[in-house]
Amino acid sequence: MKRKKHLRQLKHKRHGKRLLLLVAIFIAAIGLTWGGVRIYAQVAGAPPITVPSASAFVDKDGEKIGDHFANERRYWVELEDVSPFMIDALLSVEDHTFYEHNGFNVKRIAGAIIANIKSGGKAQGASTITQQFARNLYLSHEKTWTRKLHEALYAYRLEIFYSKDDILEGYLNTVYFGHGMYGVEAASRYYFGKAAKDLTLAEASLLAGVPKGPSIYSPIVDIDKSKERQAIILALMVENEKITEADKTAAQTQEIALKNDAFQDKNSAPYFLDVAWQEASEILRKKQMDISEGGWVVKTTLNQKHQEAADFAVANRMPEGELQVSFVSIEPKTGAVTAMVGGRNYSDSPFNRATQAQRQPGSTLKPFLYAAALEKRYNPLTFLDVPQTTFTFDGNEKYTPKNANDKFAEHEISMTQALALSDNIYAVKVLEDIGYKAFRDIGKRFDLPIGKANSPRIALGSEEMSLYRLTTAYNRLASSGKAVTPTTILSITNNKGEVVYEYEPPEEVEQALSKADSFLVTTMMQAMFNPNYNDYAYVTGNDIAPYLTQDSYAAKTGTTNSDQWIVGYSPSITAGVWNGYDQGKNLDGGVTKYIWLDFMERVNAGKKQSFKKPKGISEVKVEIKSGKLASRSCDKQATVFVKNNDVPTERCIKFDIFDVNTWDSFFDSLPSSILGAPPKQ
């Protein structure tokens, strides 16, 4: 018996030693694991807690005009700018021991593990706010043990390197509340139309229930389920001594007004902002920066008065129906884009017809053809015969251009009158005379696609382009021929307040066209508003000419079967307008000229301005029909500008006894002997 007892004691001792050894090994393993995790965390360092947030856009005066979001709608707010009700509600329902644990709630984790083992399911539940924040920042939402392990490692690193307030602030700004809203500020604005700091207990407790299942508990999706979830949260807040029973009852009975129907992007110029976003993205990319990080403050060239004028003109003039519109305005000297409209309604169609739509510009290309002609010794008073004409090219191909009213002049007309009437025969004859190379060279300098085919049709704008590109070319004419490049960005500031980009105008800008020729093209384009040039057709600006309050407008219209254009400028602003249908169906009428008129009159009101005449240019008054120097008795007259060596020397001879010029001409025509003058040596 004693031997058996002794053997049992030895056996128990051996078991005890083994148990102690196992415990020691287990403790050592835990210690080594913990030490390894600690070393890993220190080596890995602090994980970044920045998230993409809205980038703010301001106009040229620094006034906010809108936000832009890379992927998610969020507005980052400091913890102190969140309602205490919201903080208490989320902590009560998601992690009431948040300020006590080190990133993990061991009791909840153990309970979740047991529940998952019993159910045979994957890892679920028990996540602290720190773990949820780690998942929101770095991981997917798949329910696997691998993801939970990574989540735990990130959570541990967050707890080591950041304060509890930092973690809570990050969580509040990253949690998803449904309907594309991330963070409490975006959610509060969307659901209740107010800032997160102004949320009431009723609103906060309702909102705090959404993250568990936005597609289930959103009050917009199902108000009853949302209310049930709110009741649970209010009960937990009472249990955690954050509110009283009376507070709970009052919150549950309070009627809540949802404001999501009134929620909208308050962007003053959404089409403009899209273009500015793209330009800012490219600027930052060249600096090895990523705009998708968010938090940028982008100062743009937008002039809100110009944008309002453009929006008003479009809204006031556009008829009901499918007819579309686009508009852009640019400052001649700086290239600053001041306003843009890309369609009737951005919400219906964000497709920007000012920058993205490629259409045939028609006769709006003629000023550039005539600019090329000026370089080939043409002048504004160069006359050509322009009857109906069939042109032959490429051996035997025929082309018979028509004018808008199917009529043709029965006499010669000047280049100025041809531009005012938009005569197509004159344009094609000029192209045939100066050659395709000269026209393409001008196109290259003005960044205009002229067309590769040697076809007379290119004189009438057969190559497609955008309104933005065409208006940029006109803006170069307006800037005395300088090849000014348009821009929408003045500066970019990062989320630390550091200016990372500031626009600097180039010291020198190439001349796309000489100042003299640019001025002459400009003055020829002014003729479209002068009814004295009416002939077999009205000048193209005849219908809006009576409403113009200034003389300093130069423009050109263009019309195709499916497009209507006008682009023009004053000394201070260039503007282009397009009308047409997205599907390119035939256009039976448009309002481009009236939109342009409304905008130009509004932004130029009260300004005294004129186009500056360069050296080498003379101002003369001529008879329009003949181009000869005018006397009072001549037919329709106009003031034109020509280079000094192109000034007419012959007068239109029509005797008027009351006109000094007539008498001068008369005496000049008499032989010297009659006047008693000595004979010429």
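Described below are features of the structure shown in this document. None of these values were measured; they are calculated from a predicted model.

1. Considerations on the environment of glycine 589
Mapped onto the fold, glycine 589 is located in the loop between strand 14 (574–580) and helix 20 (592–603). For glycine 589, a relative accessible area of 33% gives the class partly exposed. Once the C-alpha coordinates of glycine 589 and serine 562 are considered, the two residues, 27 residues apart in sequence, prove to be 9.5 Å apart. The residues touching glycine 589, leaving out its near neighbours within four places in the chain, are Leu323 and Gln564.

2. Observations concerning the pattern of salt bridges
As a working rule, side chains carrying opposite charge can pair if their charged atoms are close by. Evaluation of the coordinates by the stated rule reveals 17 salt bridges. With a shortest N-O distance of 2.7 Å, arginine 317 and aspartate 598 are connected by a salt bridge. Of this pair, arginine 317 sits in helix 13 (residues 304–317) while aspartate 598 sits in helix 20; the two residues are 281 residues apart in sequence, bridging distant segments of the chain. Here arginine 317 falls in the partly exposed class, since its relative accessible area comes to 30%. Classification of aspartate 598 as buried rests on a relative accessible area of 16%. Across the salt bridge formed by aspartate 517 and lysine 643, the nearest N and O atoms sit 2.8 Å from each other. Here aspartate 517, found in helix 19 (residues 515–526), pairs with lysine 643, found in strand 16 (residues 637–643); they are 126 residues apart in sequence, far enough to count as distant.

3. Examining the environment of serine 562
Locating serine 562 in the fold gives a position in the loop between strand 12 (554–559) and strand 13 (563–569). Separated by 26 residues in the primary sequence, serine 562 and aspartate 588 have C-alpha atoms spaced 8.2 Å apart. Those residues in contact with serine 562 that lie beyond four places of it in its chain are Arg359, Asn579, Gly580, Tyr581, Gly584, Lys585 and Leu587. Polar contacts involving the side chain of serine 562 include one to the side chain of aspartate 563, which spans 3.2 Å.

4. Describing the sheet that holds strand 13
Sheet strands line up and pair through hydrogen bonds in the backbone, either parallel or antiparallel. Strand order in the open sheet made by the 5 strands is 5-4-14-13-12, with antiparallel pairing throughout. With one partner strand each, in any of the chains shown, strand 5 (337–341) and strand 12 form the two edges of the open sheet. Taken over all neighbouring pairs, the strand axes of this sheet differ in orientation by 5° on average, direction set aside. Sheet analysis places strand 4 (residues 324–330) next to strand 14, joined by 7 bridges and oriented antiparallel. What sits directly across from phenylalanine 327, in strand 14, is valine 577. Across the sheet, helix 18 (residues 467–478) is in contact with strand 4, strand 5, strand 12, strand 13 and strand 14; its angle to strand 13 comes to roughly 30°.

Procedures and definitions
Residues numbered from 1 in each chain as written. Predicted model: local features only at pLDDT ≥ 70, side-chain atom pairs only at ≥ 80, totals over all residues. Heavy atoms only, no water. Helix = DSSP H or I, 4+ residues; strand = E, 2+ residues; numbered from the N terminus. Buried < 20%, exposed > 50% of the residue type's maximum accessible area, 1.4 Å probe, protein only. Contact = heavy atoms within 4.5 Å. Salt bridge = Lys/Arg side-chain N within 4 Å of Asp/Glu carboxyl O. Polar contact = N/O pair within 3.5 Å; in protein donor to acceptor, adjacent residues only side chain to side chain. Pairing = 2+ DSSP bridges. Axes fitted to C-alpha atoms, helices over the stretch in contact; angles between N-to-C directions.

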